[in-house]
Every structure is written in C-alpha cells, then in structure tokens.
Amino acid sequence: MKFSELVTALGLDSQTIIGGVDPELQGVAPLKLAGAHQLSFLENKQFFHQLATTQAGALFIPEDDRVLAVMETIMHPVAYVITAQPRLLFAKAIDLLYPLPPAPVGIHASAVIGQGAVIPETAFVGAHAVIGAGVQLGAGVQIHANCTIYDRVIIGDHTIIYANAVIHEGTEIGRDCVIHSGAVIGGEGFGFVPDREGTWTKMRQVGKVVLEDQVEIGSNTCIDRGSIGETRIGQGTKIDNLVQIGHGCMTGKNCLLAGQVGLSGGASLGDNVVLGGQVGVANHIHLGDRVMVAAQSGILDDQTPDAKVMGYPAFPVKDFFKSSAIFRKLPQWQRLLRQVQKKLDLNSEEVD
Amino acid sequence: MKFSELVTALGLDSQTIIGGVDPELQGVAPLKLAGAHQLSFLENKQFFHQLATTQAGALFIPEDDRVLAVMETIMHPVAYVITAQPRLLFAKAIDLLYPLPPAPVGIHASAVIGQGAVIPETAFVGAHAVIGAGVQLGAGVQIHANCTIYDRVIIGDHTIIYANAVIHEGTEIGRDCVIHSGAVIGGEGFGFVPDREGTWTKMRQVGKVVLEDQVEIGSNTCIDRGSIGETRIGQGTKIDNLVQIGHGCMTGKNCLLAGQVGLSGGASLGDNVVLGGQVGVANHIHLGDRVMVAAQSGILDDQTPDAKVMGYPAFPVKDFFKSSAIFRKLPQWQRLLRQVQKKLDLNSEEVD
Amino acid sequence: MKFSELVTALGLDSQTIIGGVDPELQGVAPLKLAGAHQLSFLENKQFFHQLATTQAGALFIPEDDRVLAVMETIMHPVAYVITAQPRLLFAKAIDLLYPLPPAPVGIHASAVIGQGAVIPETAFVGAHAVIGAGVQLGAGVQIHANCTIYDRVIIGDHTIIYANAVIHEGTEIGRDCVIHSGAVIGGEGFGFVPDREGTWTKMRQVGKVVLEDQVEIGSNTCIDRGSIGETRIGQGTKIDNLVQIGHGCMTGKNCLLAGQVGLSGGASLGDNVVLGGQVGVANHIHLGDRVMVAAQSGILDDQTPDAKVMGYPAFPVKDFFKSSAIFRKLPQWQRLLRQVQKKLDLNSEEVD
C-alpha cells in the first residue's frame with residue numbers, strides 16, 4: 001500500500017503528507033529499526049533521540065518545533081504527517097497494513113459440546129475445547145483450543161477467547177471482548193470465615209462475573225465471581241496479564257489495569273481509573289473516576305476523583321516524591337541531628 | 001425454605017428469631033440488594049450504614065447496641081437472629097439455601113487414562129482430561145475438563161480439581177481439597193547454581209509436593225515441588241489466586257494466604273499464619289504461629305508467634321503506621337531542620 | 001552407586017574423598033533428613049548448625065575452618081569431599097543419582113496436528129496437545145498434554161514444553177529450553193492508546209517473541225510479543241513462575257528473574273542481571289550488566305552495570321538499609337524534634 005493510500009484510508013487528506021516521496025509500505029517498525037518501506041512514529045519524548053537517524057520511509061510525528069527541526073536534517077527520502085496523536089494514528093494504520101486473516105469458523109471435530117449449547121454458524125470452537133451445557137455463543141465468537149467453558153456461560157458477538165482459558169458457570173461476557181490465554185473468569189472467590197477452633201469455614205460463592213462490552217482480559221488473569229452478588233468489569237475496561245480481581249469487585253468504564261495488579265474483594269473503581277503494575281487495592285476501597293495510581297502502590301483508603309497517588313499507603317504523587325527524596329537523605333539528617341543534640345545538650349538515645 | 005426451617009437446620013432454636021414474620025427464603029444477597037425473600041447479614045462495621053435501609057426479609061446480626069437500635073427503626077417486615085458470628089452462620093446458610101447439584105460421576109469418553117491408574121466408580125474425570133500412569137484417585141474425586149494429571153499422583157477422597165489445572169508427577173493431595181482452575185502443583189522449582197562462567201547450572205528438582213487434607217489452592221497459583229525434599233501445605237490451609245510457593249516451603253495448619261503472595265524457597269510458616277495480598281517472604285524465613293502480615297509487606301527476618309507486621313522490611317504494624325505517617329510529613333521536617341541549622345549555625349549540606 | 005563411583009563420574013579423583021567409608025548411595029536429601037545412604041551438602045551458612053547432627057553418609061562441604069572443625073566431631077561413618085562449590089557439585093550429582101527416564105517419543109493419537117507441521121520422529125506430542133499449521137519442532141522436542149501451539153511456531157532441539165502451556169503464533173524458541181506448565185508465550189501485549197472520548201483504541205500487536213537457547217520459563221509466566229518488534233529473552237536466562245514480561249522487553253544472557261517479577265513494556269536488561277521476587281521495572285528502563293535488584297523493589301530509573309539496588313524507587317542497597325533503619329526510628333526523632341523546637345522556640349506545626 002502506498003503511504004498516500006494509507007493516509008487517505010485513515011480519513012486524512014493525502015495533501016497532509018510532507019516530503020516528495022510516496023513510499024510503498026510493507027509494514028511498521030520501531031524508529032530505530034524501520035527501513036524505507038516501513039512506517040514508524042514518534043510520540044514519547046524518550047525516543048526523540050532516535051529520530052535523526054531513523055531510516056523509516058514514512059512517519060507520523062507530533063507538532064513540535066524540536067521535532068520539526070530534526071525532520072529538516074533528515075537526508076534520505078522520507079514522507080510524514082504531522083498529527084496531534086501520532087500513536088493513535090499509527091495504531092489505526094496497523095489495522096490497515098496488517099489485515100487480519102479471515103476469522104476461523106466452525107466447530108472442530110475434537111471439541112466437546114454440552115447439551116443445549118447454542119453455537120451459531122459464524123462462531124468458532126477450536127480443537128479440544130470443552131463447551132458446557134446451555135452455553136450461548138454470539139455471532140462470530142471464537143473459542144480457541146483447549147478452552148473450558150462451563151455450563152450456562154453467555155458470550156456476546158465477536159468476542160475472542162484464546163487458548164486454555166477457563167470460563168466458569170453462569171459468567172456473562174459482552175460483545176467484542178478479548179480474553180487472553182490461560183485467564184480464569186468466574187472462579188470461586190476466596191471466602192473463608194474463621195471459627196473458634198481456628199479453622200476456616202468456606203462461604204460458598206454463589207454470585208457471578210459480568211464482563212461488559214469491549215472488555216479485554218490479559219493472559220493468566222483471574223477474576224473471581226461474586227460471593228453473593230456480582231463481580232462486574234465495566235465497558236471498555238482493559239486488564240493486563242496476571243491480574244487478580246477478587247469477589248465482588250466493580251470497575252467503571254474504560255479503566256486500565258496494568259500487569260499483576262490485585263484488587264481485594266469488594267474494591268470498586270469509577271470510570272477511567274488507571275492502575276500501574278503490581279498495585280494492590282484493599283478490601284471494599286473505592287477509587288473515584290479518573291484516579292491514577294503509580295505502579296506498586298498500595299491503596300488502603302478511598303480516593304477522590306482525579307487523585308494521583310503513589311506509595312504504601314498511597315498519597316499524592318508529588319508529595320510522595322518529596323518524601324521519598326528525603327528518605328534517601330535520612331542518614332545525612334542523622335548526622336545533623338547528632339550535632340543538634342550535642343549543641344543543645346539533649347538526650348542522645350533519641351537519634352541512634 | 002422458611003427462615004424458621006433454615007434456623008432450625010442450622011442447629012438453633014427457631015425461638016431465637018426476632019420479628020413476627022417468617023419469610024419464605026429464595027436465596028441470599030448483600031444488605032443493599034436483598035429483598036423480602038432474601039437473607040442477608042451484617043458483620044463488618046463498614047456496612048453498618050446500609051442496615052437502616054435494607055429491604056432484606058431476614059438477617060443475621062451481631063449483638064451490638066448500635067445495631068439493635070437500628071433494627072428498631074426498620075419499618076418493613078423483617079425477621080432476624082442475633083449471633084456472635086453472623087458471617088459464619090450466613091456461610092452455613094448458603095450451603096442449605098443453595099444445595100449443590102449432584103456431583104458428576106464417570107469418565108468422559110474423551111479423557112485419556114494412563115496405565116494402571118486407579119479411578120473408583122464414584123470419581124469423575126472430565127472431557128479431555130489427561131490422567132497419567134499409576135495415578136490413584138479417591139472416592140468422589142472430581143478432575144474437570146482439560147486437566148493434566150502426571151504420573152503417580154495420589155488424590156484423596158472428595159477432592160475437586162477444576163479445569164485446566166496441572167498436577168505434576170508424584171504429588172500427594174489429601175482429602176476434601178479444592179484446586180482451582182489453572183493451578184500448577186508440583187512443577188519444578190527454580191533451582192540454578194551459578195558457575196564461574198556466569199551461566200546457571202540447573203539443579204534438577206527431585207522432591208515432591210504434599211497437600212494435606214482440606215487444603216484449597218487458588219486459580220493459576222503455582223506450588224513448586226521440593227528441590228530434594230518436600231513442599232508441604234498443612235491441613236486446612238487456604239491459598240488464594242496467583243500465589244507463588246517456592247520449592248521446599250512448608251506451611252502449618254489453617255494458614256490463609258491472600259492473592260499474589262510469594263513465598264521464596266524454603267520459607268516455613270507455623271499454624272494459623274495470615275498473609276495479606278502480594279506479601280513476599282524471603283528464602284528460608286520462618287514465621288511463627290498466628291503471625292499476621294499486612295498486604296504488600298516484605299518479610300526479610302524470622303517472626304515470632306503472634307507478631308503483626310507490615311512494611312518492607314516488615315516491622316510491627318502499629319510502629320509502621322507511626323513511621324509511615326511521619327514519612328508523609330518529612331518535607332515539613334525539612335523546613336524545620338533548615339531553621340534549626342540556621343539558628344545553630346550548622347553545616348547546611350546535611351539537609352538539602 | 002558407590003560414593004567413590006559418583007565422585008569419579010563427576011570428574012574428580014576418588015582420592016579427594018575423606019573418611020574411610022564408601023557408602024552405597026540411594027539418593028540425596030537435606031542435611032537434617034539425610035541418612036547413611038544419602039548424599040547431602042553444606043553451602044549456605046544458614047544451615048551450618050545442622051551439620052553437627054546430620055546423619056548423611058556422604059557430604060560435599062566447603063573449605064572452611066569452622067566446617068572442618070565440626071566434621072572432626074561427627075562420630076558416625078561419613079565420607080566427604082571438600083570443594084569450592086558444594087552446591088554446584090551436588091547439582092551435578094543429582095543428575096547422576098537420578099537418571100532421567102527415557103524421553104517420551106511419538107505423537108499421541110488424541111493430539112491434533114495442523115497442516116504442514118514438521119514433527120521429527122524423535123519428538124513427543126502428548127495427549128490432547130494442539131499443534132498449529134506450519135509449526136516446526138526440532139529433534140527430541142517434547143510438547144506435553146493439553147498444550148496449545150499456535151501456527152508457525154518454531155521450537156529448537158530438545159526443548160521441553162510442559163502441560164497446558166500456550167505458545168502463540170510465530171514465536172521462536174531456541175534449543176534446550178524449558179517452558180513450564182501453564183506459561184503463555186507470545187500473547188498479545190497490552191497496547192492501548194487513549195483517544196479524546198476517554199476510550200482505549202487497541203494497537204494490534206504485530207511483533208513476536210524470541211527465546212534464545214537454554215532459556216527456562218516458569219509456570220504460568222506470561223511473555224507478551226512485541227508490539228511492532230521483538231520481545232527477546234537472551235541465551236541462558238532463567239525466569240521463575242508467575243512473571244510478567246511486557247511487549248518489547250529484552251534481556252541479555254544468563255539473567256535470573258525470580259517469581260512474580262514484572263517488566264513493563266520496553267524494559268531492557270543487560271547480561272547476568274538478577275531480579276529478586278516481585279520486583280517491578282518501569283517502561284523502557286535499562287538495567288546494565290550484572291545489576292542486582294532486591295526483592296519487591298521498584299525500578300523507575302536506568303541502572304548502571306553492577307549496581308545493587310533496593311526500595312521504591314530503588315537506590316543502592318547499603319544506603320537503603322541505612323534509611324530503612326532510620327524509618328523505624330522516626331517516632332523517636334519526632335520526640336527529639338519537639339524538644340528542639342521548644343528549646344529553640346520554633347514553630348511547632350512543622351513536627352506534628
């Protein structure tokens with residue numbers, strides 16, 4: 001595909017292209033690896049230093065004087081488009097440059113299908129997949145190899161479930177969702193009640209999981225079903241690999257949970273909440289809309305909308321960095337305090 | 001089931017019911033969602049504010065003056081029982097209100113059974129499960145779809161292994177255990193010895209895993225086999241999802257390990273130890289009986305029985321909260337120390 | 001096998017054996033459990049106290065005066081070899097004392113093999129494994145039960161993939177690798193671009209994963225494929241269970257990543273980097289050769305070669321322990337500062 005054809009297909013005027021060449025594109029590549037027939041992009045400042053030497057034939061770049069100045073210095077033929085959101089345009093370009101193979105269709109002969117399961121002709125059930133009784137798959141749903149779908153699961157149109165994932169009974173999954181390999185959705189939550197002998201009585205978990213439309217769940221992530229109600233993941237929320245979502249958690253729309261996050265039972269998130277990797281959220285905590293939590297932080301208190309927090313227990317990011325910088329200097333402070341003690345003749349056991 | 005029948009079935013006198021109605025119960029629900037035909041309960045203070053407006057037809061509540069005062073104000077018909085352990089009674093009520101379907105029985109035609117495997121008639125082996133040679137299943141054992149049970153595994157009566165779990169060779173699992181989907185029990189531990197060329201020589205792991213009776217293992221949790229001995233999980237211990245148990249770890253009885261906990265090789269826990277989510281325990285550390293560790297803490301030192309610790313490295317919880325509160329105020333301290341330096345004419349490089 | 005035969009087979013002179021006996025060895029065991037026909041070893045000082053009472057018939061011990069003094073006091077028959085690397089010698093002894101069973105060979109009748117897959121006669125494909133189209137397996141490769149290998153995966157000679165692992169399309173795996181059960185290699189990375197409506201546009205992930213030779217990947221670990229390039233794990237690198245490797249990460253040779261580590265997208269490691277359990281590394285961070293990171297630390301900045309760091313954000317280990325020790329004493333400092341304030345008549349709001 002010519003770059004000009006791509007740009008037009010992305011809904012832009014091909015006149016927005018700067019540079020006299022119109023390369024034939026064969027794919028995309030990172031700035032430092034791209035060649036004359038590849039498209040690349042710049043958005044993150046971290047990669048700015050790679051721009052001057054890129055060999056990419058086509059680029060999406062931000063409107064930024066420093067960037068434009070570098071573009072002037074590039075000697076080989078390059079065509080580019082200036083855009084407010086280079087990464088977004090690049091993502092859309094990938095869809096055009098790498099057309100998906102036709103979606104697989106049909107039920108593999110080795111799949112095991114339970115009684116009363118509804119599987120439309122446009123759906124796909126892979127080799128050795130096991131589909132329980134009363135399962136309902138929507139149009140174009142893909143269940144890949146070695147998945148186990150327990151009884152009475154409902155899966156909306158065009159949702160894809162990759163290999164070896166497990167969906168427990170009664171789970172409801174919306175349309176256009178993606179469940180990655182090895183994920184376990186709707187497993188029994190961790191509900192045990194201590195009794196007087198110090199043993200744990202199991203509270204059987206009779207709730208369910210609901211994933212709304214356009215939800216994405218990472219590989220080997222676990223989402224437990226509600227203890228006596230629902231666990232619900234809001235529309236458009238994206239969850240990375242190895243995340244733990246306890247029973248009864250709720251997320252709003254369009255949240256982003258990075259790898260290895262853990263939500264304890266009953267935690268609830270507003271819309272557009274972003275949690276960095278390995279963040280932990282305590283039982284029944286509520287995070288307001290648009291809260292952002294830095295990686296590895298531990299949330300022990302409710303957070304108001306738009307809070308940006310960090311640390312354990314977490315507090316505002318900019319304060320955290322101040323305290324954290326001082327933490328490193330505490331040994332110097334110790335030396336100072338010893339001088340103060342001496343000068344003021346105070347009790348020395350306080351400092352050492 | 002009438003509430004009075006339920007209460008009787010739980011071993012209480014139906015005279016303990018307060019309130020003139022005796023609702024027909026159709027199930028359980030959280031306080032704020034329960035209706036006239038549902039049972040709910042109150043134990044956690046966090047939910048106290050939901051009591052006044054609950055529409056639940058039946059309740060288990062604690063003996064607490066504030067709670068009883070609210071009960072007086074509820075205008076709709078409600079029947080309730082006052083109990084020292086509302087949650088425990090509620091858990092037992094769920095078992096009665098939601099009778100389990102009859103346990104599945106028999107070997108699915110698509111399962112692959114190894115030579116010499118012993119599978120009693122009361123056991124269940126699901127579709128596409130693979131059972132190794134010499135495996136011994138007890139009465140009523142359930143092996144769900146797509147599980148892989150390697151050779152010579154022994155599984156005690158009535159243990160359930162959910163879908164796509166993997167049990168490696170020689171593992172011994174007690175009776176009444178539950179292994180959730182995707183768990184990997186008895187995988188080879190992480191044993192590598194550095195040599196002088198900077199490469200890692202593998203120490204083959206020739207030990208095994210023993211799970212005692214009534215152990216529960218969460219989804220996608222990994223328990224490595226002993227390097228040259230056992231990894232052992234004590235009776236009644238409950239382990240949540242995505243937990244990592246290294247080779248040679250030992251837990252006592254009735255421990256509780258929340259999600260994403262990691263025990264390094266050789267760590268050992270006494271009885272009734274409770275670890276919060278994402279806690280890490282270093283190599284060969286011992287935690288005494290009843291130690292409690294707050295979520296995300298890192299344990300680098302042995303802990304005496306009954307210790308309650310937090311932080312990284314962990315120390316007593318109440319001290320941690322004091323230090324942690326001061327951590328947030330360090331920037332204020334910095335301003336104070338600058339004044340002190342100035343007033344006492346001390347070297348200023350210590351503070352900034 | 002006689003101890004003398006073992007020592008000779010390990011390439012040492014049997015004259016290096018000290019002690020007049022030459023036990024017939026039946027296996028290995030930890031110091032405190034070993035008996036007269038078992039080999040054990042001492043390397044870690046933590047186990048020194050177990051030496052005096054060990055019942056082991058044979059030992060590998062370090063050259064250390066304290067150790068040798070204890071050996072003098074052992075009254076039962078024991079034969080031992082003094083070596084600079086007892087654990088390494090012990091690891092090699094295990095290989096000799098526990099010969100592997102003959103490797104399985106052949107394709108199980110229940111496996112599903114895609115079009116054009118190349119499977120040599122020396123390879124093994126277990127029950128219910130699913131092999132995609134165009135997959136190429138090397139000599140002696142083992143694919144265990146219930147694995148899913150997507151299309152066009154290439155796997156080098158003698159690599160073993162344990163049960164229920166998933167390898168996504170186009171992944172390249174070197175020779176002599178080990179992939180443990182439930183691992184997911186080559187899944188789609190977590191690439192989402194925010195748009196102006198607050199929703200997330202997916203950036204389809206068109207890169208791949210390359211595992212070089214002798215790489216080992218733990219159970220339920222996830223390695224995402226590159227977004228537009230590669231994710232690459234360097235030769236001889238060993239990765240433990242439940243680790244998350246984001247898209248576009250690179251590791252050098254012979255790195256060691258302990259359980260539950262998380263590398264964010266684009267992180268890169270030099271050679272021989274060692275990361276403790278639950279460590280997190282931020283996006284696009286680079287760790288130089290031989291960097292060592294203590295467990296649970298969070299890396300927010302590039303690290304120069306040989307750095308040893310700890311904490312969040314991480315800084316040099318020895319400084320961390322100093323700051324950390326003071327952190328515990330901050331309440332005492334608070335008392336001191338109150339005295340200082342009073343004595344110097346400073347504003348009291350700074351401290352409390």
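Given the structure is predicted, the values throughout are model-derived calculations rather than measurements. (Residues numbered from 1 in each chain as written. Chains lettered and ligands numbered in written order. Predicted model: local features only at pLDDT ≥ 70, side-chain atom pairs only at ≥ 80, totals over all residues.)

Overlay of chain A on chain B (RMSD 0.1 Å): rotation 120 degrees, translation along the axis 0.0 Å. Put plainly, the chains are arranged around a three-fold axis. By residue overlap, the copies meet through two different surfaces: only 17% of the interface positions of chain A are interface positions in chain B. (Least-squares fit on C-alpha atoms with pLDDT ≥ 70 in both. Contact = placed C-beta atoms within 7 Å.)

Let's shift gears to helix H4 (residues 317-344) of chain B. Most pronounced at B:Lys329, the bend in H4(B) amounts to some 55 degrees, and the proline B:Pro331 follows within four residues. Listed as buried for H4(B) are B:Phe320, B:Ser323, B:Ile326, B:Leu330, B:Trp333, B:Leu336, B:Leu337 and B:Val340. Of the surrounding secondary structure, the elements contacted by the buried residues of H4(B) are helix H4 (317-344) of chain A, strand E34 (308-311) and strand E35 (314-316) of chain B together with helix H4 (317-344) of chain C. Phi turns positive one or two residues past the end of H4(B), at B:Asp345, with a value near 60 degrees. (Bend = angle between axes of the 7 residues up to and from the residue. Helix = DSSP H or I, 4+ residues; strand = E, 2+ residues; numbered from the N terminus. Buried ≥ 20, exposed ≤ 12 C-beta atoms within 10 Å, placed from the backbone.)

In this assembly, 52 residues from chain A lie in contact with 51 residues from chain B. At the level of elements, strand E17 (184-187), strand E18 (192-194), strand E19 (200-202) and H4 of chain A are the ones that each hand at least two residues to the side of chain A that touches chain B. It is H4(A) that contributes the most residues to the side of chain A that touches chain B, 12 residues altogether. The residue makeup of the side of chain A that touches chain B, split by class, is 22 nonpolar, 22 polar and eight charged. (Nonpolar A, V, L, I, M, F, W, Y, C, P; charged D, E, K, R; others polar.)

The next point concerns the packing of H4(A) against H4(C). Where H4(A) meets H4(C), the closest approach of the two axes is 9 Å, and the angle between their N-to-C directions is 35 degrees. Two packed elements cross with a definite hand, and for H4(A) against H4(C) that hand is left-handed. Contacts from A:Phe327, A:Arg328, A:Leu330, A:Pro331, A:Gln334, A:Leu337, A:Val340 and A:Leu344 of H4(A) reach H4(C) at C:Asp319, C:Lys322, C:Ser323, C:Ile326, C:Phe327, C:Trp333, C:Leu336, C:Val340 and C:Lys343. Taken together, the residues of the contact of H4(A) with H4(C) break down into 11 nonpolar, two polar and four charged. (Axes fitted to C-alpha atoms, helices over the stretch in contact; angles between N-to-C directions. Left-handed = near helix turned anticlockwise from the far one by under 90°.)

What follows concerns the interface of chain C and chain A. Across the contact, 52 residues belong to chain C and 51 residues belong to chain A. Of all the secondary-structure elements, those providing two or more residues to the side of chain C that touches chain A are strand E17 (184-187), strand E18 (192-194), strand E19 (200-202) and H4 of chain C. When residues of the side of chain C that touches chain A are assigned to their parent elements, the largest contribution, 12 residues, is made by H4(C).

Residues and elements named next belong to chain C. Sheet architecture is open: five strands sit in the order E9-E12-E15-E20-E23, paired in parallel fashion. Only two strands of the sheet have a single partner each, and these edge strands are strand E9 (136-137) and strand E23 (230-233). Relative to strand E12 (residues 154-155), E9 runs parallel, the two being bridged by two bridges. Among the inter-strand pairings, Gln136 is bridged to a residue of E12, identified as Ile154. (Pairing = 2+ DSSP bridges.)

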